[in-house]
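Structural description and commentary
For reference, the chains in residue letters:
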Amino acid sequence: MTKQKVVVADGIDMAVVVPPALFSAEVKKPPLMPNGYITMNKKKLLLQNLEINGGTTRVNAWVESMRASSPTSNRKRTQDQSTWMDRHPSALNMFDEITNASKGKQIVMFLDYDGTLSPIVDDPDRAYMSDAMRATVRKLAGCFPTAIVSGRCRDKVYNFVKLAELYYAGSHGMDIRGPSKGSKYKKSPPSVLCQPASEYLPMIDEVYGLLMEKTKSTPGAKVENNKFCLSVHFRCVEEKKWSELAAQVRSVLKDYPKLRLSQGRKVLEIRPTIKWDKGKALEFLLESLGYANCTDVFPIYIGDDRTDEDAFMVLKERGQGFGILVSKIPKDTSASYSLQEPSEVMDFLQRLVDWKRHSW
Ligand SMILES: O=P(O)(O)OC[C@H]1O[C@H](O[C@H]2O[C@H](CO)[C@@H](O)[C@H](O)[C@H]2O)[C@H](O)[C@@H](O)[C@@H]1O
């Protein structure tokens, strides 16, 4: 396996916390929290400014949001970190509280892939998970129903994880399949369970071709076809070229009002406007497993990205289980707990396995 640079800290990473200084004068400024960050609701304003349809989009607004990955000063980050950790304590430190809360309930595990099971790397095609992580996830799936929920195309994420006993929800939950073998939690024959955006396939393929052509002049840009959605990566694009890339993407998407844009970690995500996301996928999977109206189910969702917030929010609203955000830096989140990086995720999963094996 070729070695490649692992991105240790991505600064604020496209994400959830947007430093105020990065808003351009053109974008309506939302009010700030005392620590200078913008709350989740106010962030919707920023996302509105990123709307691709209706001709109101300003490429500048996109670029400002892309720049939101700039870190604040180290001293400020240390202060923010400690306040944030008070509100989102380490799931490892809170392990006993977590398992106590789950007593008498069926734990169901939901795991994001990139940045959660595998470290973030420059080349999306080389985001391998370690053998140790795979072995841990295999043991986990022997103890609890377990699903991978990813922005990637389902086949691709399966090729990284290679565990037939899991549920897989690819394309941000728009392509769900049950275990093909070896799961005691299998409820139905191995088949596609849900593809709510299948009518968009021709459009996604068409836009993929256009984006490949349009962005080929921007060094480092990479377009990834995730079947029901597309990713335009700018991790390897020089910052001075971001506005050029944003303009290229905008020029394609303006003709496709049925597609919407969101952002992940140094990536522009393009997907159908249907009301379906990782949160809906979580609800669908709970239902498929027979836990739709159960009070004795305890779902745990672990993820690192903005798209995982939809699932964290669903758990918060249901008042069942909780979310764990994987992040080294403070981010506005609906998750209850935090873990710093994939190695801590592996430790947490292993402790769950040990706890389950010793609690019977
Ligand atoms: O939902 P996820 O499983 O977290 O997928 C979200 C996106 O992950 C991948 O991109 C991210 O990871 C890459 C590899 O570490 C990194 O190079 C990139 O900058 C990150 O954004 C994947 O390539 C995308 O298609 C997914 O949508």
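Refer to the structure presented above.
Please read all numbers here as calculations on a predicted model, not as lab measurements.

1. Some remarks on the overall build of the protein
- Each helix and strand in the protein was counted, giving 11 helices and 12 strands.
- Burial statistics for the protein: of 360 residues in total, 47% are counted as buried.
- Contacts in the protein between residues at least 24 apart in sequence constitute 62% of all its contacts with a sequence separation of at least 6.

2. Observations regarding the packing of helix H5 (residues 131–143) against helix H11 (residues 342–358)
- Interaxial distance between H5 and H11 falls to 9 Å at its minimum, and their mutual angle equals 35°. As for the relative orientation of H5 and H11, their crossing is left-handed in sense. In contact with Ala132, Met133, Thr136, Val137, Lys139, Leu140 and Cys143 of H5, H11 contributes Pro342, Met346, Leu349, Gln350, Leu352, Val353 and Lys356.
- Broken down by class, the residue content of the contact of H5 with H11 amounts to 10 nonpolar, 2 polar and 2 charged.

3. Details of the nonpolar core
- The biggest cluster of nonpolar side chains holds 54 residues, and the ones touching the most others in it are Phe110, Ala147, Ile148, Ala169, Leu282, Leu285 and Ile300.
- With near-sequence residues (within four places) excluded, Leu282 lies in contact with Phe110, Val149, Pro299, Tyr301, Ala311 and Val314.

4. Thoughts on the site of the ligand
- What surrounds the ligand is a group of 24 residues, the closest being Tyr113, Asp114, Pro124, Ser150 and Gly151.
- For the shell around the ligand, the elements supplying multiple residues, two or more each, are strand E7 (230–233) and strand E9 (267–272).
- Broken down by class, the residue content of the shell around the ligand amounts to 6 nonpolar, 8 polar and 10 charged.

5. Observations regarding unusual backbone geometry
- Unusually for a residue other than glycine, Ser171 sits at a positive phi of about 50°.
- Inspection of the secondary structure assignment puts Ser171 in the loop between strand E3 (167–170) and strand E4 (175–177).
- One non-glycine residue, Lys266, adopts positive backbone phi at about 50°.
- Position of Lys266 relative to the elements: it lies in the loop between strand E8 (259–264) and E9.
- By C-beta crowding, Lys266 is classed as buried, having 21 other C-beta atoms within 10 Å.

6. With respect to the pairing of E7
- Along E7, one buried face is formed by Leu230 and Val232 and the opposite face, lined by Ser231 and His233, is buried too.
- Taken together, the 4 bridges between strand E6 (residues 222–225) and E7 define a ladder with antiparallel strand orientation. Among the inter-strand pairings, Lys222 is bridged to a residue of E7, identified as His233.
- Where E6 folds back on E7, the antiparallel hairpin that results is connected by 4 residues, among which Lys227 adopts a positive phi of roughly 70°.

7. Section: the environment of Thr136
- Tracing the chain through its elements places Thr136 in helix H5.
- For the pair Thr136 and Met94, spaced 42 residues apart in the sequence, the C-alpha separation amounts to 20 Å.
- Contact partners of Thr136, with chain neighbours within four places excluded, come to Met346, Leu349 and Gln350.

8. Re the packing of helix H9 (residues 278–288) against helix H10 (residues 309–318)
- Closest axis-to-axis distance for the H9/H10 pair is 6 Å, and the angle between their directions is 50°. Of the possible angle classes, the one that applies to H9 and H10 is oblique. In this structure, H9 contributes Lys278, Gly279, Leu282 and Glu283 to the contact, and H10 contributes Asp310, Ala311, Met313 and Val314.

9. With respect to the sheet that holds E7
- In spatial order, the strands read E6-E7-E9-E8; together these 4 strands make up an open sheet with antiparallel pairing. What marks the edges here is a single partner per strand, and that holds for E6 and E8. Geometrically, the sheet is characterised by an average inter-axis angle of 20° between neighbouring strands, direction not taken into account.

Analysis parameters
Residues numbered from 1 in each chain as written. Predicted model: local features only at pLDDT ≥ 70, side-chain atom pairs only at ≥ 80, totals over all residues. Helix = DSSP H or I, 4+ residues; strand = E, 2+ residues; numbered from the N terminus. Buried ≥ 20, exposed ≤ 12 C-beta atoms within 10 Å, placed from the backbone. Contact = placed C-beta atoms within 7 Å. Axes fitted to C-alpha atoms, helices over the stretch in contact; angles between N-to-C directions. Left-handed = near helix turned anticlockwise from the far one by under 90°. Nonpolar A, V, L, I, M, F, W, Y, C, P; charged D, E, K, R; others polar. Core = buried A, V, L, I, M, F, W, Y, C linked by C-beta atoms within 7 Å. Near = placed C-beta within 6 Å. Pairing = 2+ DSSP bridges. Parallel < 35°, antiparallel > 145°, perpendicular 65-115°, else oblique.

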